[in-house]
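# Observations on chain architecture
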Amino acid sequence: MSATVHHPEAAKEFVANSERMQWHDMALWFVRNKRDLQAAKTPEWEYLRELAAEIKAHTQANLDVYLEEFERQAAARGAVVHWAADAAEHNEIVLGILQKNGVQRIVKSKSMLTEECHLNPFLEAHGVEVIDSDLGERIIQMRNEPPSHIVLPAIHLKKEDVGNTFHQHLGIPPHISDPKVLTEVARGHLRRKFLDAQAGITGVNFAIAETGAVVVCTNEGNADLGASLPPIHIACMGIEKLIARQEDLGVFTRLLARSATGQPITTYTSHFQGPKPGGQFHIVLVDNGRTGIRDSDQFREALNCIRCGACMNTCPVYRRSGGHSYAAVVPGPIGSVLSPAADAKQHHSLPFACSLCGSCTDVCPVKIPLHHQLLAWRQEIARLGHLPASKRLSMKAASFLFSHPRLYSIVGSLGRLALRMTPRWLLYNRLNPWGIEREMPPAPRASFRKWYDRERARQNPLPVVSSSSQQNMETQP
Amino acid sequence: MRVGLFVPCYIDQLYPDVAISTLEVLEQFGVQVHFPNAQTCCGQPMANTGCADQAAPMARRMIEIFHSFDYVVCPSGSCTAMVTHHYGHFFHTKGRDAYEKLRKKTYEFTQFVAEFLRPERFDIPFPHRVGLHQSCHGLRELRLGQCSERMLETRDLAGELLSKVPGLTLVKPTRVDECCGFGGTFAVAEADVSVAMGQSRIEDHLQAGAEVVTAGDMSCLMHLQGLLERQKQPLRVMHLAQILAGRPKDINVSTRGSS
Ligand code: SF4
């Protein structure tokens, strides 16, 4: 639906503001550190990760069976279960429930799924007031911005920005940046919205087939208020949120909070089973491309994701380019895997917004081989023909060159010669992105193969290379 | 024991002394080292760009070139990992056994030294404060050291080797294994982010008091060197093999020579 996004361009502005970029980097690194401390305190950490991945693999392999079991169990406890093949169906279902009950005002707790389906603008276009009740989400909702992180949606903003936003939208005096004051302001504002709401929408962290329960984890308690105060609760979930048994839930709750924010557990872990007396409880199960991912051997494990955000916190690119540079519902490593699955052309640059450091793979609590999947996406994107011609052709040329050692050797010598002879102004310009802020590598007169040929290959007695002969070899003219 | 030296293309062309140092260290331990000169590149740049079809012939060449050696040793974690961890799908149908042989006998330099040569100590002192940059592929693919994300204890091979160099003081950056931002074509395609990442590694090593940053991968160091030289920072880069081979005692001599 949107235009093709080129991550390096989209990142430019964020990186250029180096003070803010460094602050963003530090803030997220701090969360990553808290996660490390918690993980280190859990002796069975790596075992839990393995177990979590296996439970997810098992559930996905038998997803049809467990989904039906879930529907039966949930219905038996009075929930109404809806099935949506895609985002449009999901939105229609939600709107249908609201219209049938004459609902005009709703509160919503954080749900990446409803972001993915663009539910807010859809409902608003139909005259429904939607208030995001997670503090971070409420702030960006006022600013009309998408979240820049899946757990910390307003992490790109400083407290001064929040003060400004509240000044503009809630009429507080200007220049207030005390987090305590701002929180109180938000609390008063949201409390009124909670009391006014006629329905509450929540996301779902886990759904349990065995019991038909959905589990929602938050720190602010906003999901609980939204689900309990109004008479109608609609829980929206992707079908991958399912796990088979109640007893497996602990594996995930132990991993989730520790990975997400470095807390041993989220403040609220709420289990919802059936409606409250006289109320309604709807569960909307959404596919929206998930079955396709499940059926792909390369990317299946991406459905393990419990949306903890740890891969974002650890990603050295994300921390420095900011969540908005991905121009995707989910940013960071997992977003760069999921987004091309939705639209490979639009998001073709995301799998390349990665240095392949692999930190995400090791941090992920459900063992998604993220950097391997990013690499696999690069191949997919090349195969689909979305690779820029410059990359495609240069790799073809390189492959040819590297298949012909003599030619490679000659071209290498010429290249080094050119590097030595080219005047600075010609070498360092906008056409050479390496050289904008970096010197080019040294261009020694002889390659290693030349040296070897001279010194070793002919079985000469092996001279010890003194540092002076070493110097000669690398001396520039 | 016949060892085939696998020299990454950029080391061959731009940092010959890294390969010479590798050769010298191995020879000091009596290892017979050969450099088969038909080798060029392992195919990583193509593979990481998504061009598997262009990388596949490189993988097939590697098998041919090194088939007669007992071991293959490479002074780069990244290029070693390419061979040992990323060639598999090129040989799904054909040449599986030949690839298995190559995979099993291919070692990254520090891995080979620590596992087979097991030095007690190195003779040539290096009286400097050294920061170790853990290159990502050495760390997270080959597991040559403790990854800060993983709660499994792992031997730190580079650290162990450096601790055997007389006079050398290892200093620790606050982020012990953050990526430097090189990432192959990433360094050019995402130049802004790449530079920001490298900058932050440099500052971290400087505040730790390092005079030299070393690593098992010259590609990371090439990127850092580019930044350091542009900014004329008092920090220099050396490949691990260069330190172990007793490279210049006067570390203020630039790798570019007498300039
Ligand atoms: S991919 Fe893994 S680390 Fe990233 S958000 Fe999902 S569960 Fe967390």
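Attention here is on the structure that accompanies the text. The numbering scheme is per chain: residues are counted from 1 as the chain's sequence reads. For naming, the first written chain is A and the first written ligand is 1, with later ones following in the order written. Local features are withheld for residues below a pLDDT of 70 in this predicted model, meaning they are given only at 70 or higher, and side-chain atom pairs are given and counted only at 80 or more; totals for whole chains, interfaces and linings count all residues. Processing note: side-chain calculations cover all non-hydrogen atoms of the structure and skip hydrogens and water entirely.

## Considerations on the site of the ligand
Whether a residue is near a molecule or strand is decided by its heavy atoms; if any one of them lies within 4 Å of it, the residue is near. Around the ligand, 14 residues are found, and the nearest of them are Cys305, Cys308, Gly309, Cys311 and Cys364 of chain A. Residue classes in the shell around the ligand are distributed as 12 nonpolar, 1 polar and 1 charged. The classification used treats Ala, Val, Leu, Ile, Met, Phe, Trp, Tyr, Cys and Pro as nonpolar, Asp, Glu, Lys and Arg as charged, and all other residues, Gly among them, as polar.

## Re the packing of helix 2 (residues 18-40) of chain A against helix 12 (residues 249-261) of chain A
All names here are of chain A. The axes used here are C-alpha line fits, helices contributing only the stretch in contact, and every angle between their N-to-C directions lies in the interval 0 to 180 degrees. Secondary structure counts use DSSP, requiring at least four H or I residues in a row for a helix and at least two E residues in a row for a strand, with both numbered from the N terminus. The interhelical angle for the contact between helix 2 and helix 12, taken along N-to-C directions, is 145°, at an axis separation of 6 Å. Contacts between helix 2 and helix 12 involve Val31, Lys34, Arg35 and Gln38 from the former and Arg258, Ser259, Ala260 and Thr261 from the latter. Its residues assigned to classes, the contact of helix 2 with helix 12 shows 2 nonpolar, 3 polar and 3 charged. Should any heavy atoms of two residues lie within 4.5 Å, those residues are counted as being in contact.

## A look at the pattern of salt bridges
Every case where a carboxyl oxygen of Asp or Glu lies within 4 Å of a side-chain nitrogen of Lys or Arg is listed as a salt bridge. Throughout the structure, instances matching the rule amount to 43 salt bridges over all chains. A salt bridge links arginine 32 of chain A to glutamate 149 of chain B; the nearest nitrogen and oxygen atoms lie 3.7 Å apart. With arginine 32 of chain A in helix 2 and glutamate 149 of chain B in the loop between helix 8 (136-141) and helix 9 (157-162), this pair bridges two chains. For the pair arginine 32 of chain A and glutamate 149 of chain B, a shared accessibility class is recorded, and that class is buried. Taken together, the shared-partner salt bridges in this structure form one network comprising Asp25, Arg319 and Arg320 of chain A together with Arg175, Glu178, Arg201 and Asp204 of chain B. Throughout this description, buried means an accessible area under 20% of the type-specific maximum (1.4 Å probe, protein chains only), exposed means over 50%, and partly exposed covers the range between.

## Let's talk about the interface of chain B and chain A
Opposite the 80 residues of chain B that make contact, chain A presents 79 residues. Accessible area that two parts lose when put together, evaluated with a 1.4 Å probe and summed over both, is termed the buried area. Counting the surface lost from both chain B and chain A, the interface buries some 6,900 Å², and carbon and sulfur atoms represent 58% of this. Joining chain B to chain A, the criterion identifies 9 salt bridges. The closest approach of N and O atoms between glutamate 439 of chain A and arginine 230 of chain B, which form a salt bridge, is 2.7 Å. Tallying contributions element by element places helix 11 (residues 191-207) of chain B first for the side of chain B that touches chain A, with 8 residues. Here the side of chain B that touches chain A is built from residues that sort into 38 nonpolar, 24 polar and 18 charged.

## Observations concerning the packing of aromatic side chains
Two rings from Phe, Tyr or Trp (for Trp, the six-membered ring) form a pair when their centres are within 6.5 Å of each other. A pair whose planes differ by under 30 degrees is stacked, one over 60 is edge-to-face, and the rest are tilted. Going through the model one piece at a time under the given rule, you end up with 22 aromatic pairs over all chains. Taking the centre distance of 5.2 Å and the plane angle of 15° together, the rings of phenylalanine 91 of chain B and tyrosine 99 of chain B count as stacked. Assigned by exposure class, phenylalanine 91 of chain B and tyrosine 99 of chain B land together as buried. Aromatic ring contacts, followed pair by pair, group Phe448, Trp451 and Tyr452 of chain A together with Phe35 of chain B into a single cluster. Above the plane of the ring of phenylalanine 352 of chain A lies lysine 391 of chain A, whose end atom (NZ or CZ) is 4.0 Å from the centre. Any Lys NZ or Arg CZ found within 6 Å of a ring centre and within 35 degrees of that ring's normal is scored as a charge over the ring. Its end group placed over the ring of tyrosine 428 of chain A, arginine 230 of chain B keeps NZ or CZ at 4.9 Å from the ring centre.

Functional significance is not addressed by these values, which are geometric in nature.
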